[in-house]
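# Secondary and tertiary structure notes
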Amino acid sequence: MNTLIKKGDSQIDYWQNKEKLSYFLAILVFLIHISTFGNYTDLNSDVINVIEYLNDTITLVAVPLFFIVSAATFFRNYSPETCLTKLRSRLHSLVLPFFLWNIIGMLFDMLTTLFLKEYFVGRPPFDFSFEGILLGIFHYQNNRVFWFIFNIICFIAISPVIYKIMRTKTGAFTTLILVYVLFCFDIKIPSCVFFESQSIIYWLVGALIGIHYFPSLCKSNSKCFYLSLCGLVFSIVAILFFSEIRIRIPVLIVFSLSLYWVFAAVSYRIPSRPFMKHSFWVYALHMNVSAVITKLLVLSLPHSECFAIINYVVTIILTLYTIELLTGICKRISPKLYSALSGSR
């Protein structure tokens, strides 16, 4: 399928847009986990509270949109004939880096538990039992941000079933609505395994789009742009008023799709940069790198509202710079290791 659709000035190169969007979403995920203000809870600052509130509201879209785009990309040209090829490719792009980064996360938690536990008080200590090590490697016990990779791997594993029941539009919409209704009645995939049970709903939205409406992700026009802007405003306002997850799920779907088309409409104005290819590294490293940087800044800067905000901003900048530096070092020292950790991206 041609992913570059021309319609006046509304053509979108899907892959370039996806690369930029993925990096942007990686930053939003980073902001979900940034721990800077957790070190200043004694200040009780209104300014900090507002920043945290806005941060927590805007970043809600990151994970749902990531699932939707990932599923749409996977199912865009899916067929029983291409199934094995797609599954093999995901072994390199998802499964191998999942295990490698889990091992890295496990080693980091071992180190902090043995030697630096007084500085990482918010982290549970590493479980040195055999079960703890198995969960560290095969689940995400010591690499908590990779729960979404674990979920995607599991969802892809059942992709033949998903495609079979969603290959028609009637089947696709029926399946999506049924899974959502079951979720509302607390019949859902276990959160103890998949962390966020609603992630399957976002995945099915992406599957529906990928199977039946993928060309819509490759084009944009002014009407779509302004409608999406309205969708963004509506979503943010709705999130402010509704905290119930059953209401938030459809709101976040609207939020995600609206953000996608708004971003797609303006992404051609954003020049492509080499660091934008490293969104997977931002996902993988942001939590540990930012934790170290923000703690060092807490220890070295005065303890005040002003310096808490400075710490927040500097942590974001230094974390992204450090990750890019580590990515470059790894690529120069061992291209094969870089490729494995990047998922051959």
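If you're wondering where the values come from, they're calculated on a predicted model, not measured in any experiment. (Residues numbered from 1 in each chain as written. Predicted model: local features only at pLDDT ≥ 70, side-chain atom pairs only at ≥ 80, totals over all residues. Heavy atoms only, no water.)

## Focus: the overall build of the protein chain
When you go through the protein chain residue by residue, the secondary structure sums to 15 helices and two strands. Against the 2.2 N^0.38 benchmark of 20 Å for 345 residues, the protein chain shows a C-alpha radius of gyration of 21 Å, consistent with a compact globule. Judged by the C-alpha coordinates and their principal axes, the protein chain covers about 55 × 45 × 45 Å. Contacts in the protein chain between residues at least 24 apart in sequence constitute 80% of all its contacts with a sequence separation of at least 6. (Helix = DSSP H or I, 4+ residues; strand = E, 2+ residues; numbered from the N terminus. Rg over C-alpha atoms; globule rule 2.2 N^0.38 Å. Contact = heavy atoms within 4.5 Å.)

## Digging into the pattern of salt bridges
All told, the structure shown has three salt bridges when counted by the stated rule. Two residues, arginine 246 and glutamate 244, come together in a salt bridge whose shortest N-O distance is 3.0 Å. A relative accessible area of 37% places arginine 246 in the partly exposed class. (Salt bridge = Lys/Arg side-chain N within 4 Å of Asp/Glu carboxyl O. Buried < 20%, exposed > 50% of the residue type's maximum accessible area, 1.4 Å probe, protein only.)

## A look at helix 8 (residues 169-184)
Residues spaced three or four apart along an α-helix face the same direction, because each turn holds 3.6 residues. A rise of 1.5 Å per residue sets the reference length of helix 8, with its 16 residues, at 22 Å; its end C-alpha atoms lie 23 Å apart and thus fit the reference within 8%. Restricting attention to buried positions, one finds in helix 8 the residues Gly171, Ala172, Thr175, Leu176 and Phe183. End-on view of helix 8: buried residues confined to an arc of 130 degrees, all on one side of the axis. In helix 8, those exposed residues whose orientation departs by more than 90 degrees from the buried face are Thr170 and Ile177. Tucked into the core, helix 8 has its buried residues touching helix 7 (159-166), helix 10 (199-212) and helix 12 (245-266). Downstream of helix 8 by one or two residues, aspartate 186 has phi in the positive range, about 65 degrees. (Expected span 1.5 Å × (residues − 1). Arc of directions from axis to C-beta.)

## Examining the side chain of serine 159
Examined against the element boundaries, serine 159 turns out to sit in helix 7. Exposure remark for serine 159: the relative accessible area of 0% places this residue in the buried category. With residues near it in sequence (within four places) discarded, serine 159 still touches Phe74, Phe75, Tyr78 and Leu87.

## Some thoughts on the nonpolar core
The nonpolar side chains of a soluble globular protein tend to be buried, and buried together. If you look at the biggest cluster of nonpolar residues, it comprises 96 residues, and the most contacted ones within it are Phe67, Phe75, Trp203 and Tyr260. Not counting residues within four places of it along the chain, the set of residues in contact with phenylalanine 75 comprises Ser159, Ile162, Tyr163, Trp203, Ala207, Gly210 and Ile211. (Core = buried A, V, L, I, M, F, W, Y, C linked by side-chain atoms within 4.5 Å.)

## Brief notes about the confidence of the model for the protein chain
On average, the protein chain scores 91 in pLDDT, and the residues at 70 or more come to 95%. Mean pLDDT per element in the protein chain: strand 1 (residues 4-5) is the minimum at 40, and helix 10 is the maximum at 98. Note on residues 1-9: pLDDT under 50 across the span, and 18 contacts to partners over four residues away in sequence or across chains. (pLDDT = per-residue confidence, 0-100.)

## Things to note about the environment of valine 69
Turning to its location among the elements, valine 69 is positioned in helix 3 (residues 62-75). The residues touching valine 69, leaving out its near neighbours within four places in the chain, are Tyr14, Lys18, Leu21 and Tyr260.

## Re a nonpolar patch on the surface
A surface patch of nonpolar side chains, about 1,000 Å² in accessible area, is lined by Val50, Tyr53, Leu54, Ile58, Val233, Ile236, Val237, Leu240, Phe241, Phe242 and Ile247. Among the elements of the structure, helix 2 (46-58) and helix 11 (222-241) are those that each provide at least two residues to the nonpolar patch. Broken down by element, the nonpolar patch gets its largest block of residues, five residues, from helix 11. Position of leucine 240 relative to the elements: it lies in helix 11. We classify leucine 240 as partly exposed; its relative accessible area is 41%. (Patch = residues over 30% accessible without salt bridge, like charges linked within 9 Å, V, L, I, M, F, W, Y side chains within 5 Å. Areas by Shrake-Rupley, 256 points an atom, 1.4 Å probe, with all protein chains shown as cover.)

## A word on the packing of helix 1 (residues 14-33) against helix 13 (residues 279-300)
One can describe the packing of helix 1 onto helix 13 by two numbers: an axis separation of 9 Å at closest approach and a directional angle of 20 degrees. By the angle between their directions, the pair helix 1 and helix 13 is classed as roughly parallel. As helix 1 runs across helix 13, the sense of the crossing is right-handed. In this structure, helix 1 contributes Ser22, Tyr23, Leu25, Ala26, Val29, Phe30 and His33 to the contact, and helix 13 contributes Ser279, Val282, Tyr283, His286, Met287 and Ser290. Here the residues of the contact of helix 1 with helix 13 are counted per class, giving eight nonpolar, five polar and no charged. (Axes fitted to C-alpha atoms, helices over the stretch in contact; angles between N-to-C directions. Parallel < 35°, antiparallel > 145°, perpendicular 65-115°, else oblique. Left-handed = near helix turned anticlockwise from the far one by under 90°. Nonpolar A, V, L, I, M, F, W, Y, C, P; charged D, E, K, R; others polar.)

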